[in-house]
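# Overview (structure and organization)
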Amino acid sequence: MTIQRLDSGIVSLGPLNAVLCELLRLILPSAQDDHPAAQARLFPPPSGGSDDDLDADWKSYVEPDLRHIFQSSLEVIEQDLAALDQNPSGRRRDLRIPVSHLNAWIHGLNQARLALVARHRLTEAELEEHTAVDDEDRSFALLQTHFYGLLQHSFLHELGDR
Amino acid sequence: MAETLASPETETALDTPWNVVVHNDPVNLMTYVTKVFMRVFGYPRARAERHMLEVHRNGRSILWTGAREVAENYVQQLHGDLLLATLERTE
């Protein structure tokens, strides 16, 4: 798979086999805060737990705005991924993303990575070692985290962040 | 008519500057964190990278100090960018 900028202001990822397509499709479900640990990481208390009043107000008045921001990024990704389902299965294909959508992708990929690490309790050592862990689910979550990080890094590079 | 005056303790609390602190997270990419610091605070790349490295090496960095309301706004922006940020009263 390569990532390249096309002249039309589009970034192309491809060719994508079935495995890569599935990893991309898993971005959205991975980014959900349906697990307490994921929710705690995506919506951390602004006082770090030292000011209950501040943290409670934050949850009431700021968290809804944050949820809207997070959901907006995921909706952009979902829209771009819809093109993957329009091609015959089993054939190699490319995913084309408008450059104007890259910030949403970077944000959504980050959200997925943070939620995966929190949900599966991946440690810093496991993230740095780039080795499989014993548990199958955690090992796959680690694979996703690294792949989404690769995409995030590539998109940041496309936007001029060296 | 008697005036309602703020107590000395309240006045002190209102005047006390607040720190915007960013904490380390092994997931966030260094390039991403630097980009966020540049955009949110308007810092040049060199300063943003200095803070990013401080977070990475020391576990935290004070990104900004000032009025509480502004500090809250910065923390909200940083949370919107999925960074671990808190605000704390200065010593």
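Further up the page is the structure itself.
A short tour of the structure in this document, coming up. This is a predicted model, so every value here is computed, not measured.

Glancing now at the overall build of chain A. Counting secondary structure elements, chain A contains eight helices and three strands. Taken from N to C terminus, the helices and strands of chain A fall in the order β-β-α-α-α-α-α-β-α-α-α. Its C-alpha atoms give chain A principal-axis dimensions of roughly 55 × 40 × 30 Å. Every one of the 162 residues in chain A was classed for burial, and the buried ones make up 25%. Long-range contacts, defined here as pairs at least 24 residues apart, represent 70% of the contacts in chain A between residues at least 6 apart.

Next up on the list: the interface of chain A and chain B. Contacts between the two partners involve 20 residues from chain A and, on the opposite side, 15 residues from chain B. For the side of chain A that touches chain B, the elements supplying multiple residues, two or more each, are helix H5 (63–81), helix H6 (102–119), helix H7 (124–129) and helix H8 (136–158) of chain A. Its residues assigned to classes, the side of chain A that touches chain B shows 10 nonpolar, seven polar and three charged.

Peptide bonds are, in most cases, trans, and in most cases residues other than glycine have a negative phi. A cis amide bond, omega -10°, links Gly14 of chain A with the succeeding residue Pro15 of chain A. Considering the arrangement of structural elements, one finds Pro15 of chain A in strand S2 (residues 10–16). Not every positive phi belongs to a glycine, and Arg121 of chain A is a case in point at roughly 50°. The class for Arg121 of chain A is exposed, based on 11 C-beta atoms found within 10 Å. Although it is not a glycine, Leu82 of chain B adopts a positive phi angle of roughly 70°. Among the secondary structure elements, Leu82 of chain B is positioned in the loop between helix H4 (68–80) and strand S3 (84–89). Judged by the 25 C-beta atoms lying within 10 Å of it, Leu82 of chain B falls in the buried class.

This part takes up the pairing of strand S1 (residues 18–23) of chain B. All names here are of chain B. Bridging between S1 and strand S2 (residues 60–66) involves six bridges; their strand directions are antiparallel. Bridge assignment links Val21 to a residue of S2, and that residue is Ile62. Where S1 lies against S3, six bridges are found, and the strand directions are antiparallel. Looking at the pairing, Val22 lines up with Ala85 of S3.

Moving on, we come to the sheet that holds S1 of chain B. Residue and element names in this part refer to chain B. Here we have three strands laid out as an open sheet, ordered S2-S1-S3, and antiparallel in their pairing. Across the chains shown, the open sheet's two edge strands, defined by having one partner strand only, are S2 and S3. The sheet shows a mean angle of 25° between the axes of neighbouring strands, direction not considered.

So, on to the packing of H8 of chain A against helix H2 (residues 30–41) of chain B. Orientation of H8 of chain A relative to H2 of chain B, taken along the N-to-C sense of each, is 45°, at an axis distance of 9 Å. Our classification of the angle between H8 of chain A and H2 of chain B gives oblique. The hand of the H8 of chain A/H2 of chain B crossing is left-handed. Within the contact between the two elements, H8 of chain A uses Gln152, His153 and Leu156 of chain A and H2 of chain B uses Thr31, Tyr32 and Lys35 of chain B. Of the residues that constitute the contact of H8 of chain A with H2 of chain B, the class distribution is two nonpolar, three polar and one charged.

Residues and elements named next belong to chain A. One way to put it is that H5 packs onto H6 with a least axis distance of 8 Å and a crossing angle of 110°. Judged on the interaxial angle alone, H6 and H5 are roughly perpendicular. Seen from above, H5 lies across H6 with left-handed handedness. Between H5, through Phe70, Ser73, Leu74, Val76 and Ile77, and H6, the contact on the second element is made entirely by Ala104, Trp105, His107, Gly108 and Gln111.

In this section: the environment of Val62 of chain A. Mapping Val62 of chain A onto the fold places it in the loop between helix H4 (52–61) and H5. Residues Val62 of chain A and His35 of chain A, spaced 27 residues apart in sequence, show a C-alpha to C-alpha distance of 20 Å.

Residues and elements named next belong to chain A. Taken together, the three strands give an open sheet; going across it, the order is S1-S2-S3, and neighbouring strands pair in antiparallel fashion. Only two strands of the sheet have a single partner each, and these edge strands are strand S1 (2–6) and strand S3 (93–98). Strand-to-strand twist in this sheet, taken as the mean axis angle between neighbours without regard to direction, amounts to 25°. Across five bridges, the pairing between S2 and S3 is antiparallel. Note on S3: the bridge partner recorded for Ser12 is Arg96.

Rules and cut-offs
Residues numbered from 1 in each chain as written. Chains lettered and ligands numbered in written order. Predicted model: local features only at pLDDT ≥ 70, side-chain atom pairs only at ≥ 80, totals over all residues. Helix = DSSP H or I, 4+ residues; strand = E, 2+ residues; numbered from the N terminus. Buried ≥ 20, exposed ≤ 12 C-beta atoms within 10 Å, placed from the backbone. Contact = placed C-beta atoms within 7 Å. Nonpolar A, V, L, I, M, F, W, Y, C, P; charged D, E, K, R; others polar. Pairing = 2+ DSSP bridges. Axes fitted to C-alpha atoms, helices over the stretch in contact; angles between N-to-C directions. Parallel < 35°, antiparallel > 145°, perpendicular 65-115°, else oblique. Left-handed = near helix turned anticlockwise from the far one by under 90°.

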